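# Summary of the model geometry
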Amino acid sequence: AEQIDLTGLFQKPELLYFHLSSTLAPGIAPEIARNVIYSLLCGATLTRDRKCQVYLVIDEFQRIVAGNLEYILQLARSMNVGVILANQSMEDLRTRTTDLIPTLEANCRYRQWFAVSSSDDRARVVANSGETLENFVTRTVSEHGESYTFVPKLMPRLSQNDVLLITDHPKQSI
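Report on the accompanying structure. (Residues numbered from 1 in each chain as written. Predicted model: local features only at pLDDT ≥ 70, side-chain atom pairs only at ≥ 80, totals over all residues. Heavy atoms only, no water.)

## Some remarks on the overall build of the protein chain
Looking only at helices and strands, the protein chain features five helices and four strands. Over its C-alpha trace the protein chain gives a radius of gyration of 23 Å, far above what one expects of a compact globule, namely 16 Å for 174 residues. By its C-alpha atoms, the protein chain is 95 × 40 × 30 Å across when sized along the principal axes. Counting across all 174 residues of the protein chain, residues that qualify as buried make up 29%. (Helix = DSSP H or I, 4+ residues; strand = E, 2+ residues; numbered from the N terminus. Rg over C-alpha atoms; globule rule 2.2 N^0.38 Å. Buried < 20%, exposed > 50% of the residue type's maximum accessible area, 1.4 Å probe, protein only.)

Here it is in structure tokens:
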């Protein structure tokens, strides 16, 4: 009677919140979180008639997952479970034993940045912003008058300053 039935999440709208303090229980909190994720994905396989979209939101997810992140994301996608991952910085996803950045970039379609504090993260946002064609104007003055030359140049869509200005604003994000 006291168990949590995760298959019920696919039948009726419901919110389950697990506060697992990794500060107070650094050894057990990630293990419990992995068990909840596993149980949710198993529940998805057992539920044939799904009436509700289920979202899994994990804050500071790098403390919970490691090399199994790609598998979790692929399995969740195949089970139509939306996954929202939150962390402070991309550099938090790199340890001396694991680098989750390539997996995250390959498996996450949407990324939102509220603040970009590290120079590595700013460079990543600029590089991923795409490119645009900018016209550079050269003005030449001679005894016959002025002439202008327009030279198209491929530039990043966002500059480092653009990223700083956007993420310094409390109501803007990238």
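What follows continues from the structure just given.
## With respect to unusual backbone geometry
One non-glycine residue, Glu60, lies in positive phi territory at about 55 degrees. Note on placement: Glu60 falls in the loop between β1 (54–59) and α2 (69–78). Taking the relative accessible area as the measure of exposure, Glu60 reaches 16% and is therefore buried. Here the phi dihedral of Asn80 falls at roughly 60 degrees; this positive angle occurs in a residue that is not glycine. Looking at the element boundaries, Asn80 is found in the loop between α2 and β2 (81–86).

## Considerations on a nonpolar patch on the surface
A cluster of nonpolar side chains, namely Ile4, Phe18, Leu20, Ile28 and Ile32, defines an oily patch on the protein surface of about 400 Å² accessible area. Relative to the helices and strands, Ile28 is located in the segment before α1 (29–46). (Patch = residues over 30% accessible without salt bridge, like charges linked within 9 Å, V, L, I, M, F, W, Y side chains within 5 Å. Areas by Shrake-Rupley, 256 points an atom, 1.4 Å probe, with all protein chains shown as cover. Salt bridge = Lys/Arg side-chain N within 4 Å of Asp/Glu carboxyl O.)

## Comments concerning α2
Of the residues making up α2, those classed as buried are Leu69, Ile72, Leu73 and Ala76. The buried side chains of α2 occupy one side of the element, clustering within an arc of 95 degrees when seen end-on. Every exposed residue of α2 that faces more than 90 degrees away from the buried side is listed here: Tyr71 and Ser78. The inward-facing, buried residues of α2 abut α1, β2 and α3 (101–107). Directly beyond the C-terminal end of α2, a positive phi value near 60 degrees is found at Asn80. (Arc of directions from axis to C-beta. Contact = heavy atoms within 4.5 Å.)

## Section: the packing of helix α4 (residues 119–128) against helix α5 (residues 160–168)
Interhelical geometry of α4 versus α5 gives an angle of 110 degrees and a closest axis separation of 9 Å. In terms of their interaxial angle, α4 and α5 are classed as roughly perpendicular. Each of Arg122, Ala123, Val125 and Val126 in α4 lies in contact with α5, whose residues at this interface are Gln160, Val163 and Leu164. The class makeup of the residues in the contact of α4 with α5 is five nonpolar, one polar and one charged. (Axes fitted to C-alpha atoms, helices over the stretch in contact; angles between N-to-C directions. Parallel < 35°, antiparallel > 145°, perpendicular 65-115°, else oblique. Nonpolar A, V, L, I, M, F, W, Y, C, P; charged D, E, K, R; others polar.)

Shape descriptors only; they carry no functional weight alone.
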